[in-house]
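# Examination of the molecular architecture
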Amino acid sequence: MPGPRTRRTPRLRLGTTSARTQPILDDPPVLPPVLVAIGGGLAAALAGALLVGAVVLIGWWGAVSVSVPAMLRTIGGVWLLGNGGSLVAQGLRITLVPLGLTAVFALLCAATAAFGYQQAARARPRPARGREQVRMIVLVAAELTLGYAAGAAAMAAGIGGPVLAVVPGAAGVAVVGGLAGAWWQSGHRLPAPVWLRAAARGALAGILALAGVAAVVLGVALVLGEPRIQTLEQQLGFDAAGNVVWALVGLLYLPTLLGWAASWLLGAGFALGEGSLVAPWATQLGLLPSIPVFGALPDGAGGLEAWLAVGVLPGLVAGATAVAAAARTRDGSTSPVAALVSGALAGLLAGLGFLVWAALSRGGLGSDRFATVGPLFPEALIGLATIVFSAAIGAVAAWVLAVRRTQARG
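Described below are features of the structure shown in this document. (Residues numbered from 1 in each chain as written. Predicted model: local features only at pLDDT ≥ 70, side-chain atom pairs only at ≥ 80, totals over all residues. Heavy atoms only, no water.)

## Looking at the overall build of the protein chain
Check the secondary structure of the protein chain and you find 12 helices and 6 strands. Among the 410 residues that make up the protein chain, the fraction classed as buried is 39%. Counting only contacts in the protein chain whose residues sit at least 6 apart along the sequence, the fraction spanning at least 24 positions is 73%. For the protein chain, the computed accessible surface area is about 22700 Å², with 68% contributed by carbon and sulfur atoms. (Helix = DSSP H or I, 4+ residues; strand = E, 2+ residues; numbered from the N terminus. Buried < 20%, exposed > 50% of the residue type's maximum accessible area, 1.4 Å probe, protein only. Contact = heavy atoms within 4.5 Å. Areas by Shrake-Rupley, 256 points an atom, 1.4 Å probe, with all protein chains shown as cover.)

## Description of the side chain of serine 186
Within the secondary structure, serine 186 sits in helix α5 (residues 167-186). For serine 186, a relative accessible area of 14% corresponds to the buried category. If sequence neighbours within four positions are ignored, serine 186 has contacts with Tyr117, Gln133 and Ile137.

## A look at the nonpolar core
Among the nonpolar cores identified, the biggest contains 37 residues, and Leu210, Trp260, Phe270, Leu272, Phe354, Leu365 and Val373 are the most heavily contacted of them. With 22 residues, the next largest nonpolar core counts Leu80, Leu144, Ala156 and Ala170 among its residues. (Core = buried A, V, L, I, M, F, W, Y, C linked by side-chain atoms within 4.5 Å.)

## What about helix α8 (residues 240-252)?
Between its terminal C-alpha atoms α8 stretches 19 Å, which fits the 18 Å expected from 13 residues at 1.5 Å a residue. Looking at the buried positions of α8, the neighbouring elements they touch are α1 (33-61). (Expected span 1.5 Å × (residues − 1).)

## Describing the packing of aromatic side chains
On inspection of all chains with the given rule, the structure shows 4 aromatic pairs. Each ring, one from tryptophan 79 and one from phenylalanine 105, has its centre 5.9 Å from the other, and the planes form 40 degrees; the classification is tilted. Taken together, the residues span a long stretch of sequence, with tryptophan 79 in helix α2 (residues 68-82) and phenylalanine 105 in helix α3 (residues 99-122) at a distance of 26 residues. Here tryptophan 79 falls in the buried class, since its relative accessible area comes to 0%. Using a relative accessible area of 1% as the deciding quantity, one classes phenylalanine 105 as buried. An aromatic cluster of three or more residues is present, and its members are Trp79, Phe105 and Tyr148. (Phe/Tyr/Trp six-rings, centres within 6.5 Å; stacked < 30°, edge-to-face > 60°.)

## Focus on a nonpolar patch on the surface
Among the surface-exposed residues, Val312, Leu313, Leu316, Phe389 and Ile393 lie close enough to one another that they form a single nonpolar patch of about 420 Å² accessible area. Among the elements of the structure, α10 (313-324) and α12 (381-409) are those that each provide at least two residues to the nonpolar patch. (Patch = residues over 30% accessible without salt bridge, like charges linked within 9 Å, V, L, I, M, F, W, Y side chains within 5 Å. Salt bridge = Lys/Arg side-chain N within 4 Å of Asp/Glu carboxyl O.)

## Description of the layout of surface pockets
Quantified by volume, the largest pocket comes out at close to 2000 Å³. Every residue lining the largest pocket is counted, 50 residues in all, and those nearest its centre are Leu87, Ile94, Val245, Trp246 and Val249. Residue classes in the lining of the largest pocket are distributed as 42 nonpolar, 6 polar and 2 charged. (1 Å grid on protein atoms, 1.4 Å probe; cavity = no way out; pocket = protein on both sides within 12 Å on 5 of 7 lines; lining within 4 Å. Points joined across faces, edges and corners; volume = space filled by probe spheres on them. Nonpolar A, V, L, I, M, F, W, Y, C, P; charged D, E, K, R; others polar.)

## With respect to helix α11 (residues 336-360)
Over its 25 residues, α11 extends 36 Å from the first C-alpha to the last, a length consistent with the 36 Å expected when each residue adds 1.5 Å. Of all the residues in α11, the buried ones are Ala338, Ala339, Ser342, Gly343, Ala346, Gly347, Ala350, Gly351, Phe354, Leu355, Trp357 and Ala358. Here the buried face of α11 lies against α3, α6 (194-224), α9 (254-265), α10, β6 (373-375) and α12.

## Looking at the environment of proline 33
Inspection of the secondary structure puts proline 33 in helix α1. In sequence terms proline 33 and alanine 120 are 87 residues apart; their C-alpha atoms lie 5.0 Å from each other. When near neighbours in sequence (up to four residues on either side) are disregarded, proline 33 contacts Gln119, Ala120, Ala123 and Glu143.

## What to know about the packing of α11 against α12
When two helices pack together, their arrangement is given by the angle between their axes and by how far apart the axes lie. Contact geometry of α11 with α12 gives a least axis separation of 8 Å together with a crossing angle of 155 degrees. Judged by the angle between their axes, α11 and α12 are roughly antiparallel. Viewed along their axes, α11 and α12 form a crossing whose handedness is right-handed. Along the contact surface, α11 presents Pro336, Ala339, Leu340, Gly343, Gly347, Leu348, Ala350, Gly351, Leu352, Phe354 and Leu355, while α12 presents Leu381, Gly383, Leu384, Ile387, Val388, Ala391, Ala395, Val396 and Trp399. Split into classes, the residues belonging to the contact of α11 with α12 amount to 16 nonpolar, 4 polar and no charged. (Axes fitted to C-alpha atoms, helices over the stretch in contact; angles between N-to-C directions. Parallel < 35°, antiparallel > 145°, perpendicular 65-115°, else oblique. Left-handed = near helix turned anticlockwise from the far one by under 90°.)

## What to know about the environment of valine 403
Within the fold, valine 403 resides in helix α12. Judged by relative accessible area, which is 24%, valine 403 ranks as partly exposed. Each C-alpha atom, one on valine 403 and one on proline 336, is 9.4 Å from the other, the two residues being 67 residues apart in sequence.

## Here we look at the pattern of salt bridges
Within the structure shown, the criterion is met by 1 salt bridge. The salt bridge partner of glutamate 132 is arginine 126, with a shortest N-O separation of 3.2 Å. For glutamate 132, a relative accessible area of 23% corresponds to the partly exposed category. The class of arginine 126 is partly exposed, set by a relative accessible area of 47%.

This is how it looks when you write it as structure tokens:
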């Protein structure tokens, strides 16, 4: 006789994988993304003005006889100078841009653009991909540029300067910083062939190598000219605050001076006023303003042509780096076509980067004789040719070494 059946109640077992949790979405932004990006541009302009104001205030403590309105006009003028404008000081119109200060402004724009892109991404119902992501990057950078340019126009109007003349330079700084910041925040990668990415890496390595050898040249010149530099500093009679301000000014102008050194090293040379020339084979100078760093200039004896051999190193580095990063075939050997194309293109890109650097390092330290100082044009094309030619040699040499290494392993 069958016994009674018992009903078994299934037990519910919870494990770490049985319960699914939904991700908690970030809170949507309070303000519309367009206002965040435009406001970010204004905030970047204000932050840059505050940094400049801090430096100017240090010098103002040692010269309290200067009125507050004059001090504020100096702050606005220095800010505009860092954005490609001009500064009028003691009747002199200065247009030589401190590229270090320009880089600081670009970093501020990049930081605000990254935040603006983040807010724009949180306002979307779904993540952006592909072309939508690129459009968001461009849109955030354009909106930030609008706010930054508006801040530049307000700054120029506040100090009584030309409004429209400062907008292009400020817009250029904001566009570069805005695109870089938004692109970095998005994590987007352009679909580029391997040989093009290799050429870009080689060009970056070449520009960094050019900056390195230019720093060596500038450092040697400063060491050799230290007695003259010290004499000029004593003649200016700086106090403690003045020494601090002068040291900061030197740091902000360091990338500009490196651009001069790079032009000198590549054989193009640079000028310090009308009728002057500073090149490895000759130096022709007239009366110079009492700026301590000018004590590092060589005399007119020349005989420094051996430094031109150092000028080929950036191109060699660019070509060799491009070959190292170029596409490889299945057997592990370097593709000759991809290697040579990458090396030549890396040299061209690095050379164009030098031309841009040299152009940005030009400006004026007044009117008349010193209306134009910095790398010479079109002589700077000599530097472009030097980098491209040496990059081709470096690419061929690196490819030959790679082939021999592969054959030795085989």
